[in-house]
Amino acid sequence: MYADDKVAQDLGMEISEIAPGRAVLRMTLSPAMVNGHGIAHGGYLFLLADSAFAYACNTHGAVTVAASADVVFVAPARAGDVLEATAVERTRYGRSGVYDVTVRRVPDGDVIAEFRGGSRSRKESVLDEAAEPPR
């Protein structure tokens, strides 16, 4: 999936961890990612959290897309900050799921944003082998 994810690659996102229902991504905020107040543009924070969510919910084999998402911006981040988004599956039911993502600044661990995403699995497989059937 990362090989085809040009957005993540262009923004310098790195996958730190991947496991069933879990993903951790890191990204360094560039000067182009801050707004007129000198703090991270919320769209980039959402994008990082949404990407971690996407990787976490696609770990079960079936192509899975966002059905909903909500973000709360907790603290500002600035150019040069390294951010880490940790996505964790909360539940899966039928073809749907709920995931929470916390975006923290590295290395102090300050919470920058909290994100909740709802997912919906499709019939296609992420990989060439057969996808895990939706529950």
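First, a word on scope: everything that follows refers to the structure included in this document. (Residues numbered from 1 in each chain as written. Predicted model: local features only at pLDDT ≥ 70, side-chain atom pairs only at ≥ 80, totals over all residues. Heavy atoms only, no water.)

Concerning the overall build of the protein
Right, on to step 1. For the protein, the helix and strand inventory stands at two helices and six strands.
Right, on to step 2. The order of helices and strands in the protein, counted from the N terminus, is α-β-β-α-β-β-β-β.
Right, on to step 3. Here the C-alpha atoms of the protein give a radius of gyration of 15 Å, agreeing with the 14 Å that 2.2 N^0.38 yields for 135 residues.
Right, on to step 4. Along the first, second and third principal axes, the C-alpha atoms of the protein reach 45 × 25 × 25 Å.
Right, on to step 5. Across the 135 residues of the protein, 37% fall into the buried class. (Helix = DSSP H or I, 4+ residues; strand = E, 2+ residues; numbered from the N terminus. Rg over C-alpha atoms; globule rule 2.2 N^0.38 Å. Buried < 20%, exposed > 50% of the residue type's maximum accessible area, 1.4 Å probe, protein only.)

Some points on unusual backbone geometry
Right, on to step 1. For the bond from Val106 to Pro107, the omega torsion is 10°, close enough to zero to count as cis.
Right, on to step 2. Position of Pro107 relative to the elements: it lies in the loop between strand 5 (96-106) and strand 6 (111-125).

Things to note about the pattern of salt bridges
It is possible for side chains of opposite charge to pair when their charged atoms get near one another.
Right, on to step 1. Under the counting rule described, the total for this entry stands at eight salt bridges.
Right, on to step 2. One salt bridge connects Asp81 with Arg105, and the closest N-O pair in it is separated by 3.1 Å. Placement of the pair is Asp81 in the loop between strand 3 (62-73) and strand 4 (82-93) and Arg105 in strand 5, with a sequence separation of 24 residues.
Right, on to step 3. A salt bridge links Arg90 to Asp100; the shortest N-O distance between them is 2.9 Å. (Salt bridge = Lys/Arg side-chain N within 4 Å of Asp/Glu carboxyl O.)

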